[in-house]
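Results of the structural survey
Here is what each chain is made of, one letter per residue.
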Amino acid sequence: MAGNSQRRGAVRKPGSKKGAKTGSGGWGRQALEGRGPTPKAEERPYHVAAKRKAGAERAGATGTAPRSNGRPSGGSRPTGRGKGPKKSGSATHEMVSGRNAVLEALRARIPVTTVYIGTRLEADDRTREILQIASGRGYNLLEVTKPELDRLTDDSVHQGVAIQVPPYEYRDPEDLLDAAAEADQPALIVALDGVTDPRNLGAVLRSAGAFGAHGVLVPERRSAGVTASAWKVSAGAAARVPVARATNLTRTLLEYKSAGCFIVGLDGGGEVSVGDLAFSVDPIVLVVGSEGKGLSRLVRETCDAIASIPIASAVESLNAGVAAGIALYEVAKVRAEA
């Protein structure tokens with residue numbers, strides 16, 4: 001594969017008021033040099049770890065203790081941008097009801113808080129397997145009346161069985177870069193722009209786990225979250241691939257770009273095929289838009305390149321899960337051959 005010095009693409013001009021230009025996938029007039037491995041947290045000027053290190057160095061030079069501004073000192077991160085997982089905005093538990101749905105969820109190893117079984121339940125093969133899995137994994141097992149199950153499931157068709165799923169704990173966007181740095185690999189992240197179907201998110205997680213992505217980034221608003229439906233479709237990958245939430249997707253993508261990542265949007269009208277991207281071996285963020293609207297304007301303008309997946313003319317578009325899987329495969333293939 002050609003070296004970074006031969007790769008070309010459009011980048012934002014210094015002082016430009018219009019912001020980033022849409023790139024050409026490495027074949028434009030302006031050269032894009034490889035940005036190398038993702039820097040460690042302390043080497044990124046905007047990262048909390050770098051600011052903490054700089055503060056400690058200043059304190060050592062002056063002999064005074066650094067100001068805390070109400071934030072914890074030492075090795076811990078400030079509240080709200082912590083290293084560990086953070087819970088979603090809603091602390092409510094989700095209920096999954098119905099024999100088929102509950103059994104599929106348990107087979108996919110969705111985290112379970114409590115298993116509810118109705119009194120005088122007519123047993124069949126499904127309920128026997130549900131009870132076997134629940135007892136084998138040590139889940140809380142409660143026998144409740146039908147009116148109580150009706151209340152817990154908002155009068156849905158539960159067939160005498162339901163499970164309670166705890167809220168998913170999202171990561172911080174910085175954690176995805178840290179995961180790549182700790183693995184000593186160029187970052188590979190998937191960002192979803194306006195994807196609202198949790199089943200598509202689950203499919204993306206499954207592909208991300210299969211092709212070695214370091215995580216998936218979703219916006220806090222107007223986006224699918226990690227629900228029981230996403231867990232089921234991911235086939236357990238949601239337990240292995242971290243999902244981070246961004247307050248503002250465009251701003252987070254710009255921060256990733258500052259950290260050395262190339263931002264590549266997927267769109268049917270892209271200038272280059274995703275298999276021909278010139279910087280697949282570099283730190284990269286693949287941005288997948290919604291099936292109907294595609295990439296939003298601000299996100300598109302943030303991208304270094306817009307890549308497409310060649311498909312038959314009779315097919316209008318691919319859904320987010322399929323598009324992400326194909327793009328991740330192409331990037332993984334190039335990296336394996338590099």
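A brief report on the enclosed structure follows. (Residues numbered from 1 in each chain as written. Predicted model: local features only at pLDDT ≥ 70, side-chain atom pairs only at ≥ 80, totals over all residues. Heavy atoms only, no water.)

1. Some remarks on the nonpolar core
Membership of the largest hydrophobic core comes to 56 residues, with the highest contact counts inside it found for Leu 192, Leu 201 and Val 216. When residues in this core are grouped by element, the largest group, six residues, is from helix 10 (residues 320-337). When residues are assigned to domains, this core turns out to be shared by domain 1 (92-163) and domain 2 (171-335), each giving three or more. By size, the runner-up hydrophobic cluster in this structure holds 21 residues, among which are Leu 177, Ala 244, Ile 263 and Ile 306. (Core = buried A, V, L, I, M, F, W, Y, C linked by side-chain atoms within 4.5 Å. Buried < 20%, exposed > 50% of the residue type's maximum accessible area, 1.4 Å probe, protein only. Helix = DSSP H or I, 4+ residues; strand = E, 2+ residues; numbered from the N terminus. Domains from an automatic or database assignment.)

2. Considering the sheet that holds strand 5 (residues 161-165)
Read from one edge to the other, the open sheet built from four strands follows the order 2-5-3-4, with strand pairing classed as mixed. Taken across any chain shown, the strands that pair with only one partner, and hence form the sheet edges, are strand 2 (94-97) and strand 4 (140-144). With strand direction ignored, the average angle separating the axes of adjacent strands in the sheet is 25°. As defined by bridge partners, strand 3 (residues 114-118) adjoins strand 4 across five bridges and the pair is classed as parallel. The residue of strand 4 that forms the bridge with Gly 118 is Val 144. Contacts from helix 3 (residues 125-137) reach strand 3, strand 4 and strand 5 within the one sheet, and its direction differs from that of strand 3 by about 145°. (Pairing = 2+ DSSP bridges. Axes fitted to C-alpha atoms, helices over the stretch in contact; angles between N-to-C directions. Contact = heavy atoms within 4.5 Å.)

3. Description of helix 2 (residues 99-107)
Looking at helix 2, one finds that the buried residues are Arg 99, Val 102, Leu 103, Ala 105 and Leu 106. Along the axis of helix 2, the buried residues cluster in a sector spanning 160°; they form a single face. In this structure, the buried side of helix 2 is in contact with strand 2, helix 3, strand 5 and helix 7 (228-234). Remark: Arg 109 follows helix 2 within two positions and exhibits a positive phi of approximately 60°. (Arc of directions from axis to C-beta.)

4. Quick look at the pairing of strand 3
Counted residue by residue, strand 3 has five buried out of five residues, so it is predominantly covered. On strand 3, burial covers both faces: Thr 114, Tyr 116 and Gly 118 on one face and Val 115 and Ile 117 on the other are all buried. Of the crossover connections in this fold, the one passing from strand 3 over helix 3 to the parallel strand 4 is right-handed. Across four bridges, strand 3 lies against strand 5 in antiparallel orientation. (Right-handed = clockwise from strand over helix to strand, strands pointing away.)

5. Considering the layout of surface pockets
Of the volumes computed, that of the second largest pocket is approximately 450 Å³. Among the secondary structure elements, those contributing two or more residues to the lining of the second largest pocket are helix 8 (249-258) and helix 9 (297-302). When its residues are assigned to classes, the lining of the second largest pocket shows five nonpolar, eight polar and four charged. (1 Å grid on protein atoms, 1.4 Å probe; cavity = no way out; pocket = protein on both sides within 12 Å on 5 of 7 lines; lining within 4 Å. Points joined across faces, edges and corners; volume = space filled by probe spheres on them. Nonpolar A, V, L, I, M, F, W, Y, C, P; charged D, E, K, R; others polar.)

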